[in-house]
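# Architecture at a glance
Listed below are the residues making up each chain.
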Amino acid sequence: ASRHKEGRSCKEDVFKWADENMKSLGSMDEAADVLTDMKPKLVPYTRRTVRKWLTEWNKLRSAGTA
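Residues numbered from 1 in each chain as written. Predicted model: local features only at pLDDT ≥ 70, side-chain atom pairs only at ≥ 80, totals over all residues. Heavy atoms only, no water.

### Looking at the nonpolar core
Soluble, globular proteins show a tendency: their nonpolar side chains are buried together. Counting residues in each nonpolar core, the largest one holds 16 residues, and the members touching the most others are W17, M22 and L54. At the level of secondary structure, the elements contributing two or more residues to this core comprise α1 (5-21), α2 (28-37) and α3 (47-62). Broken down by element, the residue count for this core peaks at five residues, all from α1. Filtering out sequence-adjacent residues up to four positions away, M22 remains in contact with W17, S27, M28, A31 and W57. (Core = buried A, V, L, I, M, F, W, Y, C linked by side-chain atoms within 4.5 Å. Buried < 20%, exposed > 50% of the residue type's maximum accessible area, 1.4 Å probe, protein only. Helix = DSSP H or I, 4+ residues; strand = E, 2+ residues; numbered from the N terminus. Contact = heavy atoms within 4.5 Å.)

Structural data, given as structure tokens:
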């Protein structure tokens, strides 16, 4: 469990960022691009990973569980 600590922390950072910023963006693809292109980077992960996390964030929000 401890070896995944950094990944879980980064995922939480992406979720927090999405909570605050997704309304101003047109799509999750655009958000993934913004997150992976920002200087300095919010998280040191690839666009594909960030996009997957954003999909999970969206599912949690639409299910009303977060």
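### Examining the packing of α1 against α3
In contact at an axis separation of 10 Å, α1 and α3 are set at 60 degrees when each is read in the N-to-C sense. Our classification of the angle between α1 and α3 gives oblique. Judged by the twist between their axes, the crossing of α1 over α3 is right-handed. Of α3, the residues touching α1 (which contributes G7, C10, K11, V14, F15, A18 and D19) are W53, L54, E56, W57, L60 and R61. (Axes fitted to C-alpha atoms, helices over the stretch in contact; angles between N-to-C directions. Parallel < 35°, antiparallel > 145°, perpendicular 65-115°, else oblique. Left-handed = near helix turned anticlockwise from the far one by under 90°.)

### Here's the deal with the pattern of salt bridges
Within the structure shown, the criterion is met by five salt bridges. Two residues, D29 and R47, come together in a salt bridge whose shortest N-O distance is 3.3 Å. Of this pair, D29 sits in helix α2 while R47 sits in helix α3; the two residues are 18 residues apart in sequence, bridging distant segments of the chain. The class for R47 is partly exposed, based on a relative accessible area of 33%. Here the salt bridges share partners, and the residues they tie into one network are D29, D33, R47 and R51. (Salt bridge = Lys/Arg side-chain N within 4 Å of Asp/Glu carboxyl O.)

### Re the side chain of T36
Structurally, T36 is set in helix α2. You can call T36 buried: its relative accessible area is 12%. A polar atom in the side chain of T36 sits 3.3 Å from the backbone oxygen of D33. Dropping the residues within four chain positions of it, T36 is found in contact with K41, Y45, T46, R47 and V50. (Polar contact = N/O pair within 3.5 Å; in protein donor to acceptor, adjacent residues only side chain to side chain.)

### Some details on unusual backbone geometry
At the junction of K39 and P40, the peptide bond is cis and its omega measures out at -10 degrees in the coordinates. Position of P40 relative to the elements: it lies in the loop between α2 and α3.

In short, shape yes, function no, at least from these values alone.
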